[in-house]
Structure formats: structure tokens, C-alpha cells
Amino acid sequence: MSVKASGGSPVVRPKLYKTASMLSIAQAEQQDRFLQLGELSQLVTFLNSGNQRLAIADILTKNANIIVAEAANKIFVGGSPISYLERPQASILDEEGIKLAAQIQQLTGDSQSTFLQNLTSIFKTGEATPPGFKPINVIRYGPERMKKSLRDLDWFLRYLTYAIVAGDPDILSVNIRGLREIIENACSSAATVVALREMKRISLSIFENDASSKNIVNQYFNVVIDEFKGANLSDKIRKRTSNDLQGLKLPQIYSKAGINTPRFVMKPGLSSDEKQMVIKAAYRQVFERDIVKAYGLSSS
């Protein structure tokens, strides 16, 4: 079945993320060759770490309430922030989770922490407090905005687990880059950074005795924080066949995170191997055209 667009506009196909498996296979397919030894080794490493990544995501999911609650306690004062989290209590803690909750409670105190206690705990993390950060009063902030803020913190953690399962940090880049400007208009980006750092600290403490899993969690949380703090990228205009036609505007981050399709151009100065790649690409294009024309099927 083929998809046709009306009005003459080009059909936009979503790009695949640069996961280790998809990138290796896509590059080999574009060059019409078998996977090389190095690419096979990367695939083996990626597949072997699958159970570990699933276990990490499962543990973070089970302890999501604790992680989000402690992050909210870091930036809100004068109430119980976690009571504004609107989602089913799907994270049922096991015995280890309950012990961890008790340990965290002893370290950070109850949810009614004072302004001074919050600031003290922030300085203990060893990271500089973002400029402009001030703890937010729950009562003054209001229930509606509290619900949105807790929803956002839960969203960050949820997408972190998605990226860990997929083994692809680009999922975080595509979905988080540019949120700083949006959150700044509604709340405080400085407070969000403080909350994300606290989520990272609590999550790392869960894997204190598992160095390998701890490194993975640390890597992905660093991506979350760096992408949130990064400036929004300008949109990219896709060129059309004619200068008179308006190009399609797409977020630039999608172009950076997606698998790029190479363009082959025959030039006199190319080596014999490069010329062979161009010829193979031409044959491939003709083959795909004939398949689409005859059967209405697309192989890409």
C-alpha cells in the first residue's frame, strides 16, 4: 500500500533514531554490504546489555514515586508536593524500595522541610545552585500549577526510562531540547534544574552497589540535564524542487538525531571504490522505483 499526499506537498516520513542497532544496519544497507566485525561487536554489546537496561528501567519505575517526591521536596516548601501527582500508584515498592525510602527519609527529612534545610541539602550535593533559584511556596503556587509541575517531573523520569530501554539518548535530545524556554514562561527553569539534579542523586543512590547500572543512569541523567539547559535550536527548512515553493519547516533537532540518508553524486575526482558506491546507489534507486511503480510498495 502506498501513501500519496494531496496538494503537491512531499510526504514526511518520521526518521528513525540513531540506536546502536538501527544505525549499524542502516549504514550497511545504504552501502549494500554485510555488517563488519566492529559493527557486529557493537550489536552484541547492545543486545547483551538489554536485560540490564530493562532491569534499570523496572527499578526506576517501581521507585518513581520516591524519586519524584524527593525532587519536588527540593524545590517546594510549605506543603506536601507529592499529593498533587495525578497518576495511578503503579509503582508498588518492594522490600528494597521500602528500605531505600526509609534511608532517604532519614537523610532528607520529612516533606515539610524548611527553607534553610532545603538550601543546606542543595549545597551538600556539590553542585552550584542555578542562578535565580528560589524555593516555591506550595500554597502560593496554587493546586493547578502544582499538578502541572509534578506531572512534568514525572514526565522527565518516564522518558528517561524510555531512552534507557531503547539504548538511545537521542530520544531525550529530541523531546527535551527547547523545553527550558517553555517552562521558564510557566514556572522556573532554575527550579527544574535543581529538581532534575535531585532526581539524579536519588536514582544513583538506588544503584549504589551496582557500578555498571549506576554509570548508565548517570549517563542518561546527564543528557536530560544538559539538553534541558541547552538553548533551543532554530527550525530547519527542507528545500523543495523549486525556489518558488515554500519549504517544509522542521525542528533542527530531528535532523541531528535521525539517521541521515546519504546523497551520491558522480564526480571525476572520485576513487574507484567511491564510484562503485555511486553506481550501486543508482541501481538501488532504479530498483526501488520499479518496485513502487509495479506493486505500490516502498522498501524504505
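Preceding this section is the structure that the text describes.
In this report, the structure presented in the accompanying data block is examined. (Residues numbered from 1 in each chain as written. Predicted model: local features only at pLDDT ≥ 70, side-chain atom pairs only at ≥ 80, totals over all residues. Heavy atoms only, no water.)

1. Description of the overall build of the chain
Then comes step 1: Broken down by element type, the chain carries 14 helices and four strands.
Then comes step 2: The long-range fraction of contacts in the chain, counting pairs at least 24 apart against all pairs at least 6 apart in sequence, stands at 72%.
Then comes step 3: Accessible surface computed for the chain: about 18,600 Å², of which carbon and sulfur atoms make up 56%. (Helix = DSSP H or I, 4+ residues; strand = E, 2+ residues; numbered from the N terminus. Contact = heavy atoms within 4.5 Å. Areas by Shrake-Rupley, 256 points an atom, 1.4 Å probe, with all protein chains shown as cover.)

2. Focus on the pattern of salt bridges
Then comes step 1: Tallying each qualifying case throughout the model produces seven salt bridges.
Then comes step 2: Asp-58 is paired through a salt bridge with Lys-62; the nearest N and O atoms lie 3.5 Å apart. Here Asp-58 pairs with Lys-62, and both are found in helix α3 (residues 50-62), just four residues apart, close to one helical turn.
Then comes step 3: As a salt-bridge pair, Lys-74 and Glu-198 come within 3.6 Å of each other at their nearest N and O atoms. Placement of the pair is Lys-74 in helix α4 (residues 64-75) and Glu-198 in helix α11 (residues 189-206), with a sequence separation of 124 residues. Considered together, Lys-74 and Glu-198 belong to a single accessibility category, that of buried residues. (Salt bridge = Lys/Arg side-chain N within 4 Å of Asp/Glu carboxyl O. Buried < 20%, exposed > 50% of the residue type's maximum accessible area, 1.4 Å probe, protein only.)

3. What about the nonpolar core?
Then comes step 1: Membership of the largest hydrophobic core comes to 48 residues, with the highest contact counts inside it found for Phe-76, Leu-150, Phe-156, Leu-157, Leu-160, Leu-172 and Met-199.
Then comes step 2: Listed by contribution, the elements that provide at least two residues to this core are α3, α4, α7 (138-141), α8 (143-166), α9 (170-176), α11 and α12 (211-229).
Then comes step 3: Looking at this core element by element, the count peaks at ten residues for α8.
Then comes step 4: Ignoring anything within four residues of it in the chain, the contact list for Phe-156 reads Ile-176, Leu-179, Ile-183, Thr-192, Leu-196, Val-224 and Phe-228. (Core = buried A, V, L, I, M, F, W, Y, C linked by side-chain atoms within 4.5 Å.)

4. A short note on a nonpolar patch on the surface
Then comes step 1: Judged by side-chain polarity, Met-266, Ile-279 and Tyr-283 come together as a nonpolar surface patch covering roughly 330 Å² of accessible area.
Then comes step 2: Looking at the secondary structure, you find Ile-279 in helix α14 (residues 272-295). (Patch = residues over 30% accessible without salt bridge, like charges linked within 9 Å, V, L, I, M, F, W, Y side chains within 5 Å.)

5. Points about the environment of Glu-86
Then comes step 1: Positionally, Glu-86 belongs in the loop between β1 (76-77) and α5 (95-108).
Then comes step 2: Looking at Glu-86, the relative accessible area reads 61%, which means it is exposed.
Then comes step 3: Expressed as a C-alpha distance, the spacing of Glu-86 and Lys-148, which sit 62 residues apart in the sequence, is 9.1 Å.

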